[in-house]
Amino acid sequence: MRFETLAVHAGQSPDPATGSVTVPLYQTATFQQRAIGVHRGYEYSRTGNPTRAALEESLAALEQGTHALAFASGCAATMAVFSLLRPSDHILCGEDVYGGTYRILQRIISPLGITVEFVPEDAPESFAQRITPQTKMVWIESPTNPLLRVLDIREIARITARRGVLLVVDNTFASPFLQRPLELGADIVVHSTTKYLAGHSDCVGGAVITNNKQVYQAMKFYQNAAGAVPGILDTWLVLRGVKTLALRMREHSHNALQIAQFLAAHPYVQRVHYPGLSQHPGYETAKRQMYGFGGMLSFELAEGFPAAERLVQALRIFTLAESLGGVESLVCHPARMTHASLPPEERRRRGITDNLVRLSVGVEDVEDLIADLRQALQLAAEGDQATYDI
Ligand SMILES: *Cc1c(COP(=O)(O)O)cnc(C)c1O
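Computed from a predicted structure; not experimentally measured.

Considerations on the side chain of R350
Moving on, step 1. Looking at the element boundaries, R350 is found in helix α13 (residues 344-350).
Moving on, step 2. A polar side-chain atom of R350 sits 2.4 Å from the main-chain carbonyl oxygen of E95.
Moving on, step 3. Polar contacts involving the side chain of R350 include one to the side chain of E346, which spans 3.1 Å.
Moving on, step 4. For R350, the contacting residues outside a window of four places in its chain are E95, D96, V97, Y102, L147, R149 and L342.

Thoughts on the environment of G383
Moving on, step 1. Examined against the element boundaries, G383 turns out to sit in helix α14 (residues 366-389).
Moving on, step 2. For G383, a relative accessible area of 17% corresponds to the buried category.
Moving on, step 3. Along the sequence, G383 and H273 sit 110 residues apart, while their C-alpha atoms lie 24 Å from each other.

Quick look at the packing of helix α3 (residues 74-82) against helix α4 (residues 99-109)
Moving on, step 1. Running from amino to carboxyl end, α3 crosses α4 at an angle of 50°, the nearest separation of the two axes being 11 Å. When the axis of α3 is compared with that of α4, the two are oblique. As α3 packs across α4, the resulting crossing turns out to be right-handed. In contact with C75, T78, M79 and F82 of α3, α4 contributes T101, I104, L105, I108 and I109.

Some details on the site of the ligand
Moving on, step 1. In the region of the ligand, 13 residues are neighbours, and G74, D170, S192, T194 and K195 sit closest.
Moving on, step 2. One nitrogen or oxygen atom from the side chain of D170 is found 2.6 Å from a nitrogen atom belonging to the ligand.
Moving on, step 3. Separating an oxygen atom of the ligand from a side-chain N or O atom of T194 is a distance of 2.8 Å.
Moving on, step 4. Look at the ligand: alone it shows 370 Å² of surface, and the protein chains cover 92% of it.
Moving on, step 5. Taken together, the residues of the shell around the ligand sort by class into 4 nonpolar, 6 polar and 3 charged.

Quick look at unusual backbone geometry
Moving on, step 1. Geometrically, the link from S142 to P143 is a cis peptide bond, its omega value of -10° lying close to zero.
Moving on, step 2. Structurally, P143 is set in the loop between β4 (135-141) and α6 (153-163).
Moving on, step 3. Of note, the bond from N145 into P146 is cis; its omega dihedral lies within 30 degrees of zero at 5°.
Moving on, step 4. Structurally, P146 can be placed in the loop between β4 and α6.
Moving on, step 5. Of note in the backbone geometry, S175 takes a positive phi value of approximately 75° without being a glycine.
Moving on, step 6. For S175, the location among the structural elements is in helix α7 (residues 175-178).
Moving on, step 7. Under the relative-accessibility criterion, S175 is labelled buried at 1%.
Moving on, step 8. Despite not being glycine, S201 shows a phi value in the positive range, around 50°.

A look at the sheet that holds strand β5 (residues 166-170)
Moving on, step 1. Here we have 7 strands laid out as an open sheet, ordered β1-β7-β6-β5-β4-β2-β3, and mixed in their pairing. For this open sheet the edge positions go to β1 (67-71) and β3 (115-119), each flanked by a neighbour on one side alone. Looking at each pair of strands side by side, their axes are set apart by 20° on average, direction ignored.
Moving on, step 2. Across 5 bridges, strand β2 (residues 90-94) lies against β3 in parallel orientation. When the bridges of β3 are listed, L92 appears paired with E117.
Moving on, step 3. Contacting β1, β2, β4, β5, β6 (188-192) and β7 (206-210), α3 crosses the sheet at an angle of about 155° to β6.
Moving on, step 4. Packed on one face of the sheet, α4 meets β2, β3 and β4 and runs near 150° to β3.

Side note on empty space enclosed by the protein
Moving on, step 1. Evaluation of the coordinates by the stated rule reveals 4 cavities of 30 Å³ or more.
Moving on, step 2. Considering only enclosed or pocket space, the largest cavity measures out at about 50 Å³ in volume.
Moving on, step 3. Residue lining of the largest cavity: G94, E95, D96, V97, D122, I140, E141, T144, R149 and L151, and that is the complete set.
Moving on, step 4. Here the lining of the largest cavity is built from residues that sort into 3 nonpolar, 2 polar and 5 charged.

Section: the domain arrangement of the protein chain
The figure often quoted for interface size is the accessible area lost as the parts come together.
Moving on, step 1. Considered domain by domain, the protein chain is made up of domain 1 (3-242) and domain 2 (245-382).
Moving on, step 2. Once you take the C-alpha centre of each, domain 1 and domain 2 turn out to be 26 Å apart.
Moving on, step 3. In this complex, domain 1 contributes 40 residues to the contact, which on the side of domain 2 involves 44 residues.
Moving on, step 4. Between domain 1 and domain 2, a total of about 3400 Å² is buried, with carbon and sulfur atoms accounting for 59% of that surface.
Moving on, step 5. The largest share of the area that domain 1 buries against domain 2 comes from L147, L178 and Y196, three residues that together contribute 23% of it.
Moving on, step 6. Across the domain 1-domain 2 interface, the total number found is 4 salt bridges.
Moving on, step 7. In this structure, the salt-bridge partner of D152 is R288, at a minimum N-O distance of 3.3 Å.
Moving on, step 8. The interface formed by domain 1 and domain 2 holds 18 residue pairs in polar contact (both at pLDDT 80 or more) in total.
Moving on, step 9. Residue assignment for the side of domain 1 that touches domain 2 shows that the elements contributing at least two residues are α1 (3-9), α4, α6, α7 and α9 (232-243).
Moving on, step 10. The element best represented in the side of domain 1 that touches domain 2 is α7, accounting for 4 residues.

Cut-offs used in this document
- Residues numbered from 1 in each chain as written.
- Predicted model: local features only at pLDDT ≥ 70, side-chain atom pairs only at ≥ 80, totals over all residues.
- Heavy atoms only, no water.
- Helix = DSSP H or I, 4+ residues; strand = E, 2+ residues; numbered from the N terminus.
- Polar contact = N/O pair within 3.5 Å; in protein donor to acceptor, adjacent residues only side chain to side chain.
- Contact = heavy atoms within 4.5 Å.
- Buried < 20%, exposed > 50% of the residue type's maximum accessible area, 1.4 Å probe, protein only.
- Axes fitted to C-alpha atoms, helices over the stretch in contact; angles between N-to-C directions.
- Parallel < 35°, antiparallel > 145°, perpendicular 65-115°, else oblique.
- Left-handed = near helix turned anticlockwise from the far one by under 90°.
- Near = heavy atom within 4 Å.
- Areas by Shrake-Rupley, 256 points an atom, 1.4 Å probe, with all protein chains shown as cover.
- Nonpolar A, V, L, I, M, F, W, Y, C, P; charged D, E, K, R; others polar.
- Pairing = 2+ DSSP bridges.
- 1 Å grid on protein atoms, 1.4 Å probe; cavity = no way out; pocket = protein on both sides within 12 Å on 5 of 7 lines; lining within 4 Å.
- Points joined across faces, edges and corners; volume = space filled by probe spheres on them.
- Domains from an automatic or database assignment.
- Buried area = accessible area lost by both parts, 1.4 Å probe.
- Salt bridge = Lys/Arg side-chain N within 4 Å of Asp/Glu carboxyl O.

Next comes the structure, spelled out in structure tokens:
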């Protein structure tokens, strides 16, 4: 079956007991046992719940994996993957990753005696050169947050497979509609389902998908033992969201490309980061490994923080907020918001400047979105003019 059909039906067949067309919310903590130890597959909702099982089956199908596990947040899913590491192991992580992932590695994983190394270059050889006999895992995002850098997943997977290292891809920015890392050779896919999978900015969740049975069993043990499972309503909201994932991603991608082109031609914009622009350094790789370029982009204004602040204040349709991947357009200032936990010199080195603005382009009418950006850019630029006049 094709993606669109799986998105509607995988894991979500009518309820065998009642015929309910949508998966019921099994809002229960525990399950009756017919006799001691005799149950119908479910005992206690931390261990397993039918609504969660439906979501796990759906996500496994969408990512072309054999197993999936749902978690209370993307960070909880990330922790489940890091639970595979042991003291004296070495992990390589792409440097342009989600701020929360960086924080977990620096503040939780590194103190456990696990060596954490960030890889500043995107080239697959940079990962190859840093692999040691202690390297257990390589963790990457593509496209990355917030600079939309593109890493060659297939090439990196070739290297890790040869060296017996697990390759983990945080696929949150692309969603499985646009990119399926397991097909490209990755071992584990991580999602913040909070974003495109749920798609409506109404719940927080995470997931891990894999084809590796051993990895699955270790993380399944961790899921039950550590207990960061999603609530049932949140689980159900993701199940509802994924049904329209294909429709939404097409629209997000279409709108984002138009906006990227508009911004690239705007005199007050210095640089646009969007992998769908042919001048983007990751364009060719993205074309090869993705089925579309997605709804995320960032851009640099010609002037510094005051202009960025004026811009985000002047926007009327774009809402100033963290997060991404919902139907509504959001704007954020990475240096002061999502990446504020990075030390300033680290931010500067990575190119997360004070004039960088990130957009999560929603599914509103693209002409309305462009008009909103046009008027806000105008106001931001006029502010600079006023400063110069003084
Ligand atoms: C949001 C996000 C996370 C963390 O997910 P939460 O659901 O907020 O815990 C991880 N990776 C990426 C790329 C994200 O955007």
